Amino acid sequence: MSSLSAVVLIAAATFAAPDASARPAPESFADLAERLSPAVVNISTAQNVAPRQGGNPFPPGSPFERFNEFFEEGQGGSPSPRRLSSLGSGFVIDPDGIIVTNNHVIESADEISVNFADGSTLEAEIVGRDEATDLAVLRVKPSEPLPHVDFGNVDNLRVGDWVMAIGNPFGLGGTVTAGIISARSRDLQGQYDDYLQTDASINRGNSGGPLFNIDGKVVGVNTAIISPTGGSIGIGFAVPADLAQNVVKQLIEFGETRRGWLGVRIEQVTEDIAESFGLDKPSGALVAGVTDESPADLGGVEPGDIILSFDGKDVESWRTLPRIVADTPIGKSVRVEVLREDKRKTLRVKIARLETSPVAAAQPSSKPDVQPSNAESALGLTLEPLTADNRRRYRIGKEVKGVLVTDVDPASDAAGKVAPGDVILEVAWQDVGSPGDAVSRIDKVINDTDRPVLLFIKRGDLETFRSIRAKK
């Protein structure tokens, strides 16, 4: 079971009259548990770990030298390979022997055994696994059809609905716990995170087990917990069934996932950026970069666009877009609605297959001791032209066109957003080639509108947008 660092969340609640359509709490989960438990399995894995290299852990003369003998295994003090084992959970989705679990349950395993509720055990092989969603599919070869369960629909699943988990916590197979859906769409900083949160007790060993609704359908795959001790404190997370079902289907069909690819680097639309674009509230995904010859590039998407909808689905936040794109069939032509400056445009983009991961951005160069001599200032920024000396000092390529930032007023809104060494490429969607151009453009935005000034900057290999408010 994955364990995250402990956090404390404090929330206020308001109460309203109960919804007459809400389903009542079941008198008992006994019938449900009895029916579903045979399809839930315990998964045990084993792997050989190479012996530790480097000799004895305590050097000669150390007060702990006498303990070195306990680290010597085999004849002549030669260390031997170690055998590690782990436990997890899973569930059967096909009577012919297809089982779903977490990737981290079976990752690096040399042997995988599946233990069933009737006491039987079968060896399993890996059909496919996906690190991004922490899901894996196994196959066993049973002599007769296995009890199995089905994925359910999570579209109508609401916070407060009853759920039940069955799994193998701490090796205690067949453990049943119950609770409610505590929250939806939780983000734990993974690219495709959309977790269900539940207070049903989930512990180490529950990983890969099913989270059922009261109709007996799998609505989630239990994956992670927040806990200071490794035990349940009532904050568990499950991969939602719609996401899991799509990944499982691809793993069964291809042995791998085949995700859609758009070819953009996106950023959050903050309140300031939303105001810069004239939006009532932050929404959508701000395009900070477009990969050459990518579907986005060929479809006309440009840096500075805010993607508002994709294939008929609203992009509620920037973290929504990767999940929508990933689930889009490869080769499909989709409509993409963008906000470009103050105008909405509809583009047509043909989705390709995701092959590689984005490259991390380089860090900015440190600020030199030399102070600018022919600089101009605006928004708390000291600006200089990109001279040969400045390019050499800040390691900026000859192909880069724009204005160099050499100092930032710590009392300005730009502090923490822009740094010395950044290059301003555009001010409010217009290229700038000199400090004078940049200052004139900034002054025009400030005088003509009451919005923050949108800057498109380059920091190392990273191009990004920053929305800066003028001092009042």
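Source: prediction; values computed, not measured.

Colleague: Quick question: what am I supposed to make of the overall build of the protein chain here?
Modeller: Along its length, the protein chain carries eight helices and 29 strands. Taking the contacts inside the protein chain whose residues are at least 6 apart along the sequence as the reference set, 62% of them involve residues at least 24 apart. Only carbon and sulfur atoms are counted for the fraction: they give 48% of the accessible area of the protein chain, which is about 24600 Å².

Colleague: Just checking my understanding: could you explain the pattern of salt bridges for this structure?
Modeller: Where side chains of opposite charge bring their charged atoms close, a pairing between them can arise. In total, this model carries 21 salt bridges according to the counting rule given. Close ionic contact of Arg 139 with Glu 125 constitutes a salt bridge, the shortest N to O distance being 3.4 Å. Note that Arg 139 is positioned in strand β8 (residues 135–139) and Glu 125 in strand β7 (residues 125–130), a separation of 14 residues in sequence. The class for Arg 139 is partly exposed, based on a relative accessible area of 30%. Of the residues examined, Glu 125 reaches a relative accessible area of 39% and is grouped as partly exposed.

Colleague: Mind showing me how you'd approach the pairing of strand β24 (residues 381–385) here?
Modeller: Remark: a regular strand shows side chains that alternate across the two faces of the sheet. The buried fraction of β24 amounts to five of the five residues, a majority that puts the element mostly inside the structure. Burial along β24 is two-sided: the residues Leu 381, Leu 383 and Pro 385 and Thr 382 and Glu 384 are all buried. Bridge count for β24 against strand β25 (residues 403–408) is five bridges, and the pairing is antiparallel. Residue Glu 384 lies in a different strand from β25, and its bridge partner there is Leu 404.

Colleague: Before we go on, may I ask you to explain the layout of surface pockets in this structure?
Modeller: Put simply, the second largest pocket is a space of about 660 Å³. For the second largest pocket, the lining is made up of 20 residues, of which Asp 194, Asp 242, Thr 320, Arg 323 and Ile 324 are closest to its centre. Among the residues making up the lining of the second largest pocket, the classes are represented as two nonpolar, four polar and 14 charged.

Colleague: Would you mind showing me how to read empty space enclosed by the protein here?
Modeller: To find the voids left in a structure, one rolls a probe of water-molecule size over its atoms. For the coordinates displayed, the defined rule picks out two cavities of 30 Å³ or more. Roughly 60 Å³ of volume is contained in the largest cavity. Thr 133, Tyr 192, Leu 243, Asn 246, Val 247, Gln 250, Thr 257, Arg 259, Ala 326 and Asp 327 together form the lining of the largest cavity. Among the elements that make up the lining of the largest cavity, the one with the highest residue count is helix α3 (residues 241–254) (four residues). Grouping the amino acids of the lining of the largest cavity by side-chain chemistry returns four nonpolar, four polar and two charged.

Colleague: Help me understand the pairing of strand β12 (residues 210–213) in this model?
Modeller: Covered by surrounding structure in β12 are Pro 210 and Phe 212 together with Leu 211 and Asn 213, the residues of both alternating faces. Summarising the sheet, strand β9 (residues 162–167) and β12 pair through three bridges and their orientation is antiparallel. Across the sheet, the residue bridging to Ala 165 is Leu 211, located in β12. The pairing of β12 with strand β13 (residues 218–226) spans three bridges and is antiparallel. Residue pairing across strands places Leu 211 opposite Gly 220, the latter belonging to β13.

Colleague: Explain helix α8 (residues 435–448) to me, please; I cannot follow it from the model alone.
Modeller: The end-to-end C-alpha distance of α8, which contains 14 residues, comes to 20 Å, matching closely the 20 Å that a straight helix rising 1.5 Å per residue would cover. Among the residues making up α8, those that are buried are Pro 435, Ala 438, Val 439, Arg 441, Ile 442 and Val 445. Here the buried residues of α8 occupy an arc of 165° about the axis, which is enough to place them on one side. Set apart from the buried face of α8 by more than 90 degrees, the exposed residues are Asn 447 and Asp 448.

Colleague: Which parts of the structure should I look at to understand the packing of aromatic side chains?
Modeller: Ring pairs (aromatic) are described by centroid distance and by the angle formed between their planes. Counting across every chain of the model gives five aromatic pairs. Ring geometry for Phe 456 against Phe 465: centres 4.5 Å apart, planes inclined by 25°, an arrangement best described as stacked. Classification of Phe 456 as buried rests on a relative accessible area of 5%. Judged by its relative accessible area of 2%, Phe 465 falls in the buried class. Across the ring face of Phe 254, the terminal group of Arg 258 is positioned such that the distance to the ring centre comes to 3.9 Å.

Colleague: So what exactly am I meant to see when it comes to the nonpolar core here?
Modeller: One broad trend across soluble globular proteins is that nonpolar side chains are buried collectively. Ranked by size, the top nonpolar core spans 41 residues in total, and within it Phe 91, Phe 151, Met 164 and Phe 212 carry the most contacts. Sort the elements by how many residues they give to this core and α3 lands first, with six residues. Within the second largest apolar cluster, 21 residues are counted, among which are Leu 379, Leu 381, Val 439 and Val 453.

Colleague: I'm lost on unusual backbone geometry in this one. Help?
Modeller: Most peptide bonds take the trans form, and the phi angle of most residues other than glycine is negative. Even without glycine at this site, Glu 293 takes up a positive phi of about 65°. Turning to its location among the elements, Glu 293 is positioned in the loop between β17 (285–290) and α5 (295–299). The backbone of Asp 311 shows a phi angle near 55°, a positive value even though the residue is not glycine. Looking at the secondary structure, you find Asp 311 in the loop between β18 (306–310) and β19 (313–314).

Colleague: Where do I start with α3 in this structure?
Modeller: Three- or four-residue spacings in an α-helix give side chains the same orientation, since the helix completes a turn every 3.6 residues. Its 14 residues give α3 an end-to-end C-alpha distance of 19 Å, which sits within 8% of 20 Å, the value for a rise of 1.5 Å per residue. Turning to α3, its buried residues are Ala 241, Leu 243, Ala 244, Val 247, Val 248, Gln 250 and Leu 251. Of the residues trailing α3, Gly 255 is marked for its positive phi of about 80°.

Colleague: Even after reading the chapter, I still don't get the environment of Asn 246, so can you show me in this structure?
Modeller: The topology assignment puts Asn 246 in helix α3. Under the relative-accessibility criterion, Asn 246 is labelled partly exposed at 24%. Placed eleven residues apart in sequence, Asn 246 and Thr 257 show a C-alpha to C-alpha distance of 9.1 Å.

Colleague: Help me out: how do you make sense of the confidence of the model for the protein chain in this one?
Modeller: Do not read the fine detail of predicted coordinates wherever pLDDT is low. For the protein chain, the mean per-residue pLDDT works out to 81, and 81% of the residues sit at or above 70. The spread of mean pLDDT over the elements of the protein chain runs between strand β1 (residues 2–4), the lowest at 43, and β12, the highest at 95. Between residues 1–18, whose pLDDT stays under 50, and residues either more than four places distant or in other chains, the model counts 28 contacts. Below pLDDT 50 for its whole length, residues 356–374 participates in 22 contacts with residues either more than four positions away or in separate chains.

Colleague: Sorry, what's going on with the environment of Ile 112 here?
Modeller: Along the chain, Ile 112 turns up in strand β5 (residues 111–115). Between the alpha carbons of Ile 112 and Gln 47 there is a distance of 9.2 Å; along the sequence they are 65 residues apart. Apart from the residues within four sequence positions on either side, Ile 112 is in contact with Ile 43, Ser 44, Thr 45, Ile 106, Leu 122, Glu 123, Ala 124, Ile 126 and Leu 138.

Procedures and definitions
Residues numbered from 1 in each chain as written. Predicted model: local features only at pLDDT ≥ 70, side-chain atom pairs only at ≥ 80, totals over all residues. Heavy atoms only, no water. Helix = DSSP H or I, 4+ residues; strand = E, 2+ residues; numbered from the N terminus. Contact = heavy atoms within 4.5 Å. Areas by Shrake-Rupley, 256 points an atom, 1.4 Å probe, with all protein chains shown as cover. Salt bridge = Lys/Arg side-chain N within 4 Å of Asp/Glu carboxyl O. Buried < 20%, exposed > 50% of the residue type's maximum accessible area, 1.4 Å probe, protein only. Pairing = 2+ DSSP bridges. 1 Å grid on protein atoms, 1.4 Å probe; cavity = no way out; pocket = protein on both sides within 12 Å on 5 of 7 lines; lining within 4 Å. Points joined across faces, edges and corners; volume = space filled by probe spheres on them. Nonpolar A, V, L, I, M, F, W, Y, C, P; charged D, E, K, R; others polar. Expected span 1.5 Å × (residues − 1). Arc of directions from axis to C-beta. Phe/Tyr/Trp six-rings, centres within 6.5 Å; stacked < 30°, edge-to-face > 60°. Lys NZ or Arg CZ within 6 Å of the ring centre and 35° of its normal. Core = buried A, V, L, I, M, F, W, Y, C linked by side-chain atoms within 4.5 Å. pLDDT = per-residue confidence, 0-100.

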